[in-house]
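A closer look at the structure
Residue-level listing of the chains:
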Amino acid sequence: MDDSGIPAELRERDPEFIRAVLPALWLTSTVWFRAEVDGFENVPDEPVLFVGNHSGGGATPDTFVLLLAYNTFFTVEGRPLYALAHDTITAAPLLGTLTRKLGVVPADNSFAETIFASGGSALVYPGGDVEALRPWRQRHKIVFSGRQGFLRLAHHSNVKIVPVVATGGHDTLLVLNDGRRTAQLLRLDKFARVKSLPFTLSIPWGLLPVPLPHVPLPAKIRVQVLEPIDLRARFGKDPDWDRAYDYVTSAMQVGLSKLASRTIVPMIR
Amino acid sequence: MPQTVSVSCHIRRAVEETGSFISDPHKLFAHLSNFSRCRFIEADDDGELWDVYMDSGTIYLGGRVLIKSVPGCLSWRSVRGTRNSFVASVEEEDGGSRLTLSLTFSASGLAIARISELIGRGFVARNLEAAAQEIRHHLEFEV
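Residues numbered from 1 in each chain as written. Chains lettered and ligands numbered in written order. Predicted model: local features only at pLDDT ≥ 70, side-chain atom pairs only at ≥ 80, totals over all residues.

1. A few points about the overall build of chain B
- The helix and strand inventory of chain B stands at 3 helices and 7 strands.
- Traced from its N-terminal end to its C-terminal end, chain B shows the element sequence β-α-α-β-β-β-β-β-β-α.
- Against the globule reference of 15 Å for 143 residues, chain B gives a C-alpha radius of gyration of 15 Å, in line with a compact fold.
- By its C-alpha atoms, chain B is 45 × 30 × 25 Å across when sized along the principal axes.
- Per-residue burial over chain B gives 30% buried out of 143 residues.
- Sequence-distant contacts, at least 24 apart, represent 49% of the contacts inside chain B between residues at least 6 apart. (Helix = DSSP H or I, 4+ residues; strand = E, 2+ residues; numbered from the N terminus. Rg over C-alpha atoms; globule rule 2.2 N^0.38 Å. Buried ≥ 20, exposed ≤ 12 C-beta atoms within 10 Å, placed from the backbone. Contact = placed C-beta atoms within 7 Å.)

2. Things to note about the pairing of strand 5 (residues 121-124) of chain A
Residues and elements named next belong to chain A.
- What you see with strand 5 is no split at all: Ser121 and Leu123 on one side and Ala122 and Val124 on the other are buried throughout.
- Bridge count for strand 2 (residues 48-52) against strand 5 is 3 bridges, and the pairing is parallel. Among the inter-strand pairings, Phe50 is bridged to a residue of strand 5, identified as Leu123.
- Here strand 3 (residues 81-85) runs beside strand 5; their pairing, made up of 3 bridges, is parallel. What sits directly across from Tyr82, in strand 5, is Ala122. (Pairing = 2+ DSSP bridges.)

3. A closer look at the nonpolar core
Residues and elements named next belong to chain A.
- Membership of the largest hydrophobic core comes to 90 residues, with the highest contact counts inside it found for Leu49, Val65, Leu84, Ala122, Val124 and Val164.
- Broken down by element, the residue count for this core peaks at 9 residues, all from helix 11 (residues 241-260).
- Those residues in contact with Val164 that sit more than four places away from it in its chain are Phe50, Val51, Gly52, Leu66, Val223, Val225 and Leu226. (Core = buried A, V, L, I, M, F, W, Y, C linked by C-beta atoms within 7 Å.)

4. What to know about the sheet that holds strand 7 (residues 96-105) of chain B
All names here are of chain B.
- In spatial order, the strands read 1-7-6-5-4-3-2; together these 7 strands make up an open sheet with antiparallel pairing. Among the strands making up the open sheet, the edge pair consists of strand 1 (3-11) and strand 2 (37-44). The average undirected angle you get between the axes of adjacent strands in this sheet is 20 degrees.
- In the packing of helix 1 (residues 15-22) onto the sheet, the strands contacted are strand 1, strand 5 (73-81), strand 6 (84-93) and strand 7, and the crossing angle to strand 6 comes to about 165 degrees. (Axes fitted to C-alpha atoms, helices over the stretch in contact; angles between N-to-C directions.)

5. Considerations on the confidence of the model for chain B
- Here chain B averages 93 in pLDDT, and 100% of its residues register 70 or above.
- Quick note on the complex model: pTM equals 0.92, ipTM equals 0.91. (pLDDT = per-residue confidence, 0-100.)

Here you go:
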């Protein structure tokens, strides 16, 4: 650690950079996505693991809406939020540099434990690329594909899980199929940890057999922060992980379905 | 033209337990947050009168309904407000139960009413799905 008390591996988060991009994020979120974010009053004043549903293909606009809202609700100087992401994002030229300044770090348990130990909170999307590229018809479904690592991380680190659900992100492009079989046939799941390769319809690419970063359609985005879940209090020192997984995903599914029920006309309102 | 929207989900609870829960409107409405405005009016030989509304953010959809229930099934028809009828039914499925919620509604008018009904289908489907998920979660984890 340096004089700031921040461990070396977390020092790439740049509060001044975040402060500089907030106006652009605010303008985009407000004008383009008419974003609404509710529920931050549910977040306890301690390090937590935010667990979200991932939408919107390669753009994941609701993630940026959440980052904007967090850094304005808790302030840039407040408890830092680090997003755990696939290392293809943090290692990418240019994009990696920008996202690391926003507080994105590789999705590795050692990073997460360091974050909690230093007083920060972490954001994780257990569904990863499989959920972000799920078919449009499943846009209001939680798809974590049985991944339970986030539960063990929260339990081991003794932090509460704060579920975050969002709608609208998956209306910014059209994902036509599942794509998991294609990824398996091309062995991308083995070589690049890419589990899904669906056909998508997006701007400016049109119909594509691979998801590329796109210009998000101006869909209405809603984000709801749900009440925290204390795994140790609810499931004890030695949890039944399947039961805990079912509970957390069930609570998130209820939250997501309720949030989706606020949609009057898809994309618009 | 009346529109009927149905959603269903599997609940890992015995059909008797799920059926008992959904056929009691006093228990059921207490756990349905998106039916935000529900009020028991009175009971008579025909059933129970309730005010039941869904909040669309702009207008309230619903009105006064007459509810009848038998074990494993609850139904209502409107007697005031938006013309609608509703059925919640439970059947056995894979050792648990399958809950199905169906709502039939119609709007008065011609072309604009048809457009409203089509938009309403999506809105009703999302609200019924949220209701089904709340019921499932309550029975699986909170009872």
